[in-house]
Amino acid sequence: MEEKSWKDHRAVLNPGEENELEVFGYQTRNLRRALCLLTSVLTCGALLLVFYWKPQWRVWASCIPCPLQEADTVLLRTTDEFQRYTRKKVICLYLSMLKFPISKNPEEPVVADCHSVINQAVLKPELKLRCIQVQKIRYVWDNLEKRFQKVGLLEDSNSCHDIHHTFGLGLTSEEQEVRRLVCGPNAIEVDIQPIWKLLVKQVLNPFYVFQAFTLTLWLSQGYIEYSVAIIILSVISIVLSVYDLRQQSVKLHNLVEDHNKVQVTVIVKGKGLQELESRLLVPGDLLILPGKVSLPCDAVLIDGNCVVNEGMLTGESIPVTKTPLPPTENSTAWKSHSLEDYRKHVLFCGTEVIQVKPSGQGPVRAVVLQTGYNTAKGDLVRSILYPRPLNFKLYSDAFKFIVFLACLGVMGFFYALGVYVYHGVSQRDTAAMALLLLTVTVPAVLPAALTTGIVYAQKRMRKKKIFCISPQRINMCGQINLVCFDKTGTLTEDGLDLWGTVPTANNCFQEVHSFTSGRALPWGPLCAAMASCHSLILLDGTIQGDPLDLKMFEGTAWVMEDCNVDYCEFGTSDTNIIIKPGPKASRVPVEAITVLRQFPFSSSLQRMSVVAQLAGDSHFHVYMKGAPEMLARFCRPETVPKNFSQELRNYTMQGFRVIALAHKNLKMQKLSEVESLAREKVESELTFLGLLIMENRLKKETKPVLKELREARIRTVMITGDNLQTAITVAKNSEMIPRGSQVILVEANEPEESVPASVTWQLVENQERGPGKNDTYISIGNSSVSDGERGSCYHFAMSGKSYQVLFQHFNSLLPKILVNGTIFARMSPGQKSSLVEEFQKLNYYVGMCGDGANDCGALKMAHAGISLSEQEASVASPFTSKIGNIECVPQLIKEGRAALVSSFGVFKYLTMYGIIQFIGTSLLYWQLQLFGNYQYLMQDVAITLMVCLTMSSTHAYPKLAPYRPAGQLLSPPLLLSVFLNTCFTCIVQVCAFLYVKQQPWYCEVYRYSECFLNDQSHFSTNVSLERNWTGNATLIPGSVLSFESTTLWPITTINCITVAFIFSKGKPFRKPIYTNYIFSFLLMSALGLTIFILFSDFQDIYHGMELIPTITSWRVSILVAALTLFCVAFFVEDAVLQNQELWLLIKKEFGIYSKSQYRKWQRKLAEDATWPPTNRTDYSGDSESGFYINQGYESAEQIPKGKLDLGCQTTEQHFETRL
């Protein structure tokens, strides 16, 4: 029974999706609420503050668990490692509010769509439904399924037949009203948050609350100057944060505002056409597309063709042709009705319709699929509003560190309490002094100091044309050890140059036609295919479309025209495109070609085809182009040359982009038959025509950047949609795969009947074309790797199809391949995202660089996604480079490393600064004293505040080091640094505190002031002290004046200065400290001022600083002690803690290895002499053994000696970290 109750109490929202959430049901209890309210009043709002930070506590305190069906409040929890909670109220909607009657009969559906969740959500006879709003999406309670379901979209279970027949005539006005009430408005609304609300959110941050408490205490004790400085700094920090958030909010609001104001025309069942505002659209509405329009929703095309610009989604402003959803009779879900990508029928929200082509049966019509935030654009905006939280050790470690410092402060609090109570000091003063020591350890300047490092890095990146929308990711860039690159447009030039065609005749390849010869392409089926098989359109007299299609079409020297009277006599629509020979084209017997039907290209299908008609010809022709290996499957075997694979490999191995073309005659003469043809029938039994060869040159920056990353021991991986052999060649030419490295082709096949899934390993051999030739040829042979070659570097290459099979059937084998996988070709956008995620599971810090097209998902998934596109789609990428090459990648990593090291340096400095002050103050508390206000002020403002705000402005080092900085605050070198520096300062301060008491001239000033004033002649002849010298101490009991504070203050102050210098190490991640002019000047000035105060004999200075003049030899002793402390600390930090070789030796001696998954796999793979497998086939049922390590990506100390080949480069000696 309890199990059933728990099941009813809990459900999952969006199962399997990125935004998966657990939802728990609760019922509010008034008595509990009243008790919470009373406690909040009694604690002066402290409980409300805790509830604000921990919404789950509020729910647990005021509600009791109950089945979700009865809940009035739900608690949502993310299913990721962060387990974040959100509280939501359950809203009830009543259909009785509508102006027309609705049947209360449970048997009668509310809406005509039998698949709609609305029918299952409405409770009858109450006509009530319950819903929640989560991250802008509305979910209704499904009474049948017993879970919350998304509304605002048509269900995926609808078939093509359902969409055409249920929604093909439009919705009734009554159903529109019902859907408007349930689904909400079709609007992507980004509210511009009021400034007061943003301010409250910033101020209620836990650290600012603690800071407010600290500053209140300091102000009450008369420590006004520093408190005011911190208040001013905090106010500036909060105002800047609020301004930044407000600006982002305004930008996003303006970006989507126009979307909500589009006027559209819909067909209402029984009423005809109706104009309305786009925010009134509902899923199922029948939309009329008259011409150019920005789509206000996602819609599926059911009649006519459209050309749209999907730059907002893909990052490429290339016209895309959309075709209508066929009215097939089967009951298969419409998204999977055919092998084709369903998206070719879908018009996405935010994209621009630039041309419509009616079918002749009326205007172009589309059924509204999704509205509001359920749409493609809504999803993009949601990804910005609710970004994926960062799982970076630095931030969780920082929190732990602050908790440790707070615990230290609590210990100090009880120590002070004990000392002051023991001496019988009044309760008020005891509490004030104890709280003061509590606040010393956690520096109030910490938030501002950590923020400045990121701000400086952003500023430097902006100068290098790299822009960032997620500043917290900059530190994460410092940990990147693997970068994935798209190929076309990223590693290689965007455009392609025509090289030549290789036609076929009689089942043989013919002589190559070179485009560089200047000769026109001779007429034939190959020329007709190149002229007609593309997705180009004529827009305002200009040909637009995919750059590859454009280059191919230009190679024919034909021209494009809109259909006119001369060529429309054989029954074509006036929206068809006419292609005619241009003045430079070869002589042809055909006046024109008309494209009648188009089956668009899709990256998953790797092909496109058209049905065309030659002028004066009575029958129709099919022309097809696509990836050669894909297209050959659709051709009759006897038409494909026997040496097809060899010829294809010949060109792809030289880095050419190869497209294959095919053709067939259609045995039909009616245009209506052509329009109803299925793609499967068109794309079959074709005749192979030949190959189109195009050059795709490397960008000049590619090779040097990849070399720089390789020298820095950062892995580089290529993820492309292009041909595998072309990708291998580009990888070799760019030296992503170094010379002499072996490439192993991994080919996996799906299970077939009695044969299980298999994976074949083939070694790719290098062959040189001949003497003096630089072109690399590759053949796949049967040779195997000899034992002597097993120390070489290996790289796996595979296609997207093989990756998918490995992912599904060889999941345990996948990590072994990924630690060495370098080339992933023919990858779909979804596979790219999946691959990035798999790399992350191996604990790689992954960077992804792409041009925006098809890379959006991977860019969002990576730790640092860098888009080279300026299109709207790039807003989903954390980083955008305005310079369209990969030079931005090492720049970003350098800045990330500098920012990360700066953050660590500032954190270490502020920790030590708090501890230094804590030790000094604790020693003085022993005799009921403390430092004077101006003594604190000198340390806090002149040193710490100024130093912290400038320490992070040191620029990144221009050369990438071959190892990363530490990625964890809680790493041994960093913890040892803080611990040893604490020990050193503690020893020096305690010795100075005790030693000053042994001096013959020492007296307890606060007890024997008469004695002290009478004996002043021993110390200084230049200072005359009056008997009424009381200083500006405001704390009672006890005076500030004492020999202990006079001795400790210069030591602690100089210690603060020297620690700042020690923790500001430059090379290898930052430029030397002297290049940071402001910081160096401030350090030297602070040190000079401190020494000047120490040795000066000016009464005003001593009076103001509340110091006592001492003999010169004692002052020299103080300076020597401070400098000795600096020398010891500097030596330990630089020669021991920052000594890479020493740490590698320690790790080797104690057998300490990295705990990262990819390191573990590399160590396992190093132990198997049979890995990598070559020239064999494994089946999914086989027992899996064999491990392999790519020594190109492993550090020397982590490989067993027997596996090392001295000729192979080592990589990534990960210093100071256990990642």
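Residues numbered from 1 in each chain as written. Predicted model: local features only at pLDDT ≥ 70, side-chain atom pairs only at ≥ 80, totals over all residues. Heavy atoms only, no water.

Draft legend 1. Just the overall build of the protein, in detail. Helix and strand content of the protein: 38 helices and 43 strands. Split into buried and exposed, the 1219 residues of the protein put 56% on the buried side. Relative to all contacts within the protein whose residues are 6 or more apart in sequence, the contacts with residues 24 or more apart total 73%. (Helix = DSSP H or I, 4+ residues; strand = E, 2+ residues; numbered from the N terminus. Buried < 20%, exposed > 50% of the residue type's maximum accessible area, 1.4 Å probe, protein only. Contact = heavy atoms within 4.5 Å.)

Draft legend 2. Main features of the pairing of strand β33 (residues 687-695). Of all 9 residues that make up β33, 7 are buried, and the element is covered over most of its length. Two elements, strand β22 (residues 497-505) and β33, share 6 bridges in a ladder whose sense is antiparallel. Along β33, the bridge assignment pairs Gly 500 with Ile 693. With 8 bridges joining them, strand β32 (residues 656-666) and β33 adopt antiparallel strand pairing. Bridged to His 663 within β33 is Thr 687. (Pairing = 2+ DSSP bridges.)

Draft legend 3. Spotlight on the sheet that holds strand β7 (residues 128-134). Spatially, 4 strands are ordered β6-β7-β8-β9 in an open sheet, and the strand pairing comes out antiparallel. What marks the edges here is a single partner per strand, and that holds for β6 (91-94) and β9 (147-150). Mean inter-strand twist for the sheet, computed between neighbouring axes without regard to direction, equals 40°. For strand β8 (residues 137-142) and β9, the ladder comprises 4 bridges, and the chain directions are antiparallel. Looking across to β9, one finds that Tyr 139 is bridged to Lys 150. Each of β6, β7 and β8 is contacted by helix α7 (residues 173-183), which is oriented at about 105° to β8, the strand it contacts most. (Axes fitted to C-alpha atoms, helices over the stretch in contact; angles between N-to-C directions.)

Draft legend 4. Layout of the side chain of His 534. Summarising the element assignment, His 534 is placed in the loop between α17 (525-532) and β25 (537-539). The contact partners of His 534, leaving out residues within four places of it in the chain, are Asp 549, Met 552, Phe 553, Met 560, Ile 579, Gln 598, Met 608, Val 610 and Lys 625.

Draft legend 5. Up close: the packing of aromatic side chains. Applying the stated rule across the entire model yields 24 aromatic pairs. Residues Phe 824 and Phe 839 carry aromatic rings whose centres are separated by 6.2 Å and whose planes lie at 85° to one another, so their mutual orientation is edge-to-face. Of this pair, Phe 824 sits in strand β39 (residues 821-825) while Phe 839 sits in helix α27 (residues 829-841); the two residues are 15 residues apart in sequence, bridging distant segments of the chain. Judged by centre distance (5.7 Å) and plane angle (70°), the ring pair of Trp 1001 and Trp 1114 falls under edge-to-face. On the criterion of sequence distance, the pair formed by Trp 1001 in the loop between α31 (972-996) and α32 (1009-1014) and Trp 1114 in helix α36 (residues 1112-1137) is long-range, its members being 113 residues apart. Summarising the burial analysis for this pair, Trp 1001 and Trp 1114 share the class buried. (Phe/Tyr/Trp six-rings, centres within 6.5 Å; stacked < 30°, edge-to-face > 60°.)

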